[in-house]
Amino acid sequence: MEQYVIKGGNPLTGEVEIGGAKNAALAIIAAAVMTDDTVRLSNVPDVRDVNVLLGAIEDIGAVVKRPEKHVVEINGSTIHRLSVDYDYIKRIRASYYLLGALLGKYHKAEVALPGGCDIGSRPIDLHIKGFRALGASVDISYGLISAHADRLVANHIYLDKVSVGATINILMAASLAEGKTVIDNCAREPHVVDVANFLNSMGADIRGAGTESIRINGVKHLHGTEYSVIPDMIEAGTFMCAVAATGGDVTIRNVIPKHLEATTAKLAEAGCQVVEYDDAVKVIAKGRLKHTQVATLPYPGFPTDMQPQMTVVLGIAEGTSVVTESIWENRFKYVDELARMGANIQVEGTIAIVNGVDHYTGARVQSPDLRAGAALVIAGLAADGITVVDDIYYIQRGYESFAEKLQGLGAQIEQVSSEHEIQKFKLKVS
Ligand code: UD1
């Protein structure tokens, strides 16, 4: 088991480069098997979830090459199995994208029920509703979701709740359905737009991505393409919060500042200075930050995947902040760990009352999920003394070279795998 061990107290300074968006890359990799031609993807992050999904498409017969660390070539012409029950696939939520992709291309798919972070109940009823509306029969049994259709036929689909996954999944299947599909009450997240742009570059005819109504004229075939994945707004936001919590001054490069607006707005309200450039943001945090209110909402609202990181920033800001989680009902589990570092936060259902303390103190904490794990690392960077974050497996699902990038900004953090290494680190920094 690996850990991060951190000696806190150093303000982060310098420059950091953000990678491609994990959540966009996952959907795009699944969509890449919808053509028999080769697809070349760049700016693909080298993170565990992406590698698990690449393993899964290889397992059903696709050819996957990685000529460079962030470049992946995929050829789906050799797919010989439409059942995805690869060992690790249950651990990632995005496995469900293979349903939409394979159903669209082969009219048949079977995928193990998705897992992912334990942040609340994670239903897929809206995905199923969409597939059924396109004419597919969908069945759940023995831990697998199976979908098949003689013909996929366009329809008008209203999503009862805004769902990123359902929007993308229906979008993929409808791209190869007969006729014009309209999806209403769509998610507007940048990665929905990225997947639509990617599919259009393969010959799909999708309009309106990024608005609440997407129109898809089904086409017969998709063809090969070269495509670069958008920058990861959550990785960027995580670094922005790390700078805010440590009182630093950092330029965060390879970002689309528009995608970061909600995080930028909240950090500015808390007293940070955020300067936007064409493809970078600079965050400067001086003195003690102040309280504010945050409520997570679908894009362009404040992202739920930034909630734990922002709460950590507010936990040491002056005054009382209120953080409302409206997407995942179980996303405050990390608060107990943060309390071990001195935080004073009361959680009432989906609302956290954050009474800012002067500072965190280093402790041994466990990473309960991907984003909460990153948030605990931020707390460790800001804390007095030594913090050990256990279970960093979760963090590695979505952050590439997290410790190295933080070291580049002056943080004292190391990835270790034994008590002996933790002791060595303590000796080194004392
Ligand atoms: C994606 C992201 C995840 C992020 C979330 C919200 C990936 C791999 N994961 O997850 O990191 O936190 O968007 O931005 O991209 N819902 C239903 N029925 C459904 C589907 C969803 O009720 O069929 C509900 C969920 O319980 C949740 C809300 O809709 O309350 C939003 O979920 P959704 O946008 O679908 O999240 P994911 O796509 O799974």
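Source: prediction; values computed, not measured.

## Here we look at the sheet that holds strand S2 (residues 13-17)
No. 1: With mixed pairing, four strands are arranged side by side in an open sheet as S2-S15-S17-S16. The open sheet has two edge strands with one neighbour each: S2 and strand S16 (273-276). The mean angle between the axes of side-by-side strands here comes to 15°, regardless of whether they run parallel or antiparallel.
No. 2: As paired elements, strand S15 (residues 249-253) and strand S17 (residues 280-284) share five bridges and run antiparallel to each other. The partner of Arg253 across the bridge, within S17, is Ala280.
No. 3: Strands S2, S15, S16 and S17 of the sheet are contacted by helix H7 (residues 233-246), whose axis makes an angle of about 175° with S15.

## Here we look at the packing of aromatic side chains
No. 1: Throughout the structure, instances matching the rule amount to seven aromatic pairs.
No. 2: Seen in terms of ring centroids, Phe198 and Tyr227 are 5.4 Å apart; in terms of plane orientation they differ by 70°. Their pairing is edge-to-face. Residue Phe198 is found in helix H6 (residues 190-201), and its partner Tyr227 is found in strand S14 (residues 225-228); the two are separated by 29 residues along the sequence. Judged on exposure class, the residue Phe198 and its partner Tyr227 are both buried.
No. 3: Plain terms: the ring middles of Phe239 and Phe402 are 5.8 Å apart, the flat faces sit at 80° to each other, and that makes the pair edge-to-face.

## Describing the sheet that holds strand S23 (residues 386-390)
No. 1: The strand order S22-S23-S1-S24 describes an open sheet built from four strands, whose pairing is mixed. The sheet is open, and its two borders are formed by strand S22 (364-366) and strand S24 (412-416), each paired with just one other strand. On average, each strand axis in the sheet is tilted by 20° relative to the strand beside it, whichever way the strands run.
No. 2: Alignment of strand S1 (residues 3-7) against S24, held across five bridges, turns out to be antiparallel.

## A word on the site of the ligand
No. 1: Neighbouring the ligand are 20 residues; Asp125, Leu126, Ser163, Asp305 and Ile327 lie closest to it.
No. 2: A distance of 3.3 Å separates an oxygen atom of the ligand from a polar side-chain atom of Asn23.
No. 3: In this structure, Asp305 approaches the ligand through a side-chain N or O atom, which is 2.6 Å from an oxygen atom.
No. 4: Coverage of the ligand by the protein amounts to 91% of the 740 Å² it exposes when considered alone.
No. 5: Comparing atom positions with the cavity grids shows the ligand to sit within the largest pocket.
No. 6: Where the shell around the ligand is concerned, the elements lending two or more residues are helix H4 (125-133) and helix H5 (164-175).
No. 7: Looking at side-chain class alone, the shell around the ligand contains eight nonpolar, six polar and six charged residues.

## What to know about the state of the cysteines
No. 1: The tally for this structure, following the rule as stated, stands at zero disulfides.
No. 2: Here Cys272 is not cross-linked by a disulfide; its sulfur's nearest cysteine counterpart is in Cys241, at 8.2 Å.

## Considering the packing of helix H1 (residues 22-32) against helix H3 (residues 97-106)
No. 1: One can describe the packing of H1 onto H3 by two numbers: an axis separation of 8 Å at closest approach and a directional angle of 25°. As judged from the angle between their axes, H1 and H3 are roughly parallel. In this structure, H1 meets H3 at a crossing whose hand is right-handed. Along the contact surface, H1 presents Leu26, Ala27, Ala30 and Ala31, while H3 presents Tyr97, Leu98 and Ala101.

## Quick notes on unusual backbone geometry
No. 1: Geometrically, the link from Tyr299 to Pro300 is a cis peptide bond, its omega value of 10° lying close to zero.
No. 2: As for its placement among the helices and strands, Pro300 is situated in the loop between strand S18 (293-295) and helix H9 (307-314).
No. 3: In this structure, Tyr142 is a non-glycine residue whose phi angle is positive, near 50°.
No. 4: For Tyr142, the location among the structural elements is in the loop between strand S8 (137-141) and strand S9 (144-148).
No. 5: In this model, Ser401 sits at a positive phi of 50°, which is unusual for a non-glycine residue.
No. 6: Considering the arrangement of structural elements, one finds Ser401 in the loop between helix H12 (393-396) and helix H13 (402-407).
No. 7: Judged by relative accessible area, Ser401 falls into the partly exposed class, the value being 32%.

## Examining the layout of surface pockets
No. 1: A volume near 1,000 Å³ is recorded for the largest pocket.
No. 2: Taken together, 48 residues make up the lining of the largest pocket; nearest its centre are Arg122, Val164, Thr304, Ile327 and Trp328.
No. 3: At the level of secondary structure, the elements contributing two or more residues to the lining of the largest pocket comprise H1, H4, H5, H6, H7 and helix H11 (370-382).
No. 4: Considering every element that reaches the lining of the largest pocket, the biggest residue donor is H1, with four residues.
No. 5: For the lining of the largest pocket, the per-class residue count stands at 26 nonpolar, nine polar and 13 charged.
No. 6: Taken as a whole, the second largest pocket spans an internal volume of roughly 250 Å³.
No. 7: What lines the second largest pocket is a set of 17 residues, among which Ala244, Ala245, Thr246, Gly247 and Ile316 lie closest to the centre.
No. 8: For the lining of the second largest pocket, a count of residues per class yields ten nonpolar, five polar and two charged.

What counts, and at which threshold
Residues numbered from 1 in each chain as written. Predicted model: local features only at pLDDT ≥ 70, side-chain atom pairs only at ≥ 80, totals over all residues. Heavy atoms only, no water. Pairing = 2+ DSSP bridges. Helix = DSSP H or I, 4+ residues; strand = E, 2+ residues; numbered from the N terminus. Axes fitted to C-alpha atoms, helices over the stretch in contact; angles between N-to-C directions. Contact = heavy atoms within 4.5 Å. Phe/Tyr/Trp six-rings, centres within 6.5 Å; stacked < 30°, edge-to-face > 60°. Buried < 20%, exposed > 50% of the residue type's maximum accessible area, 1.4 Å probe, protein only. Near = heavy atom within 4 Å. Polar contact = N/O pair within 3.5 Å; in protein donor to acceptor, adjacent residues only side chain to side chain. Areas by Shrake-Rupley, 256 points an atom, 1.4 Å probe, with all protein chains shown as cover. 1 Å grid on protein atoms, 1.4 Å probe; cavity = no way out; pocket = protein on both sides within 12 Å on 5 of 7 lines; lining within 4 Å. Sits in = over half its atoms within 2 Å of the grid points. Nonpolar A, V, L, I, M, F, W, Y, C, P; charged D, E, K, R; others polar. Disulfide = S-S within 2.5 Å. Parallel < 35°, antiparallel > 145°, perpendicular 65-115°, else oblique. Left-handed = near helix turned anticlockwise from the far one by under 90°. Points joined across faces, edges and corners; volume = space filled by probe spheres on them.

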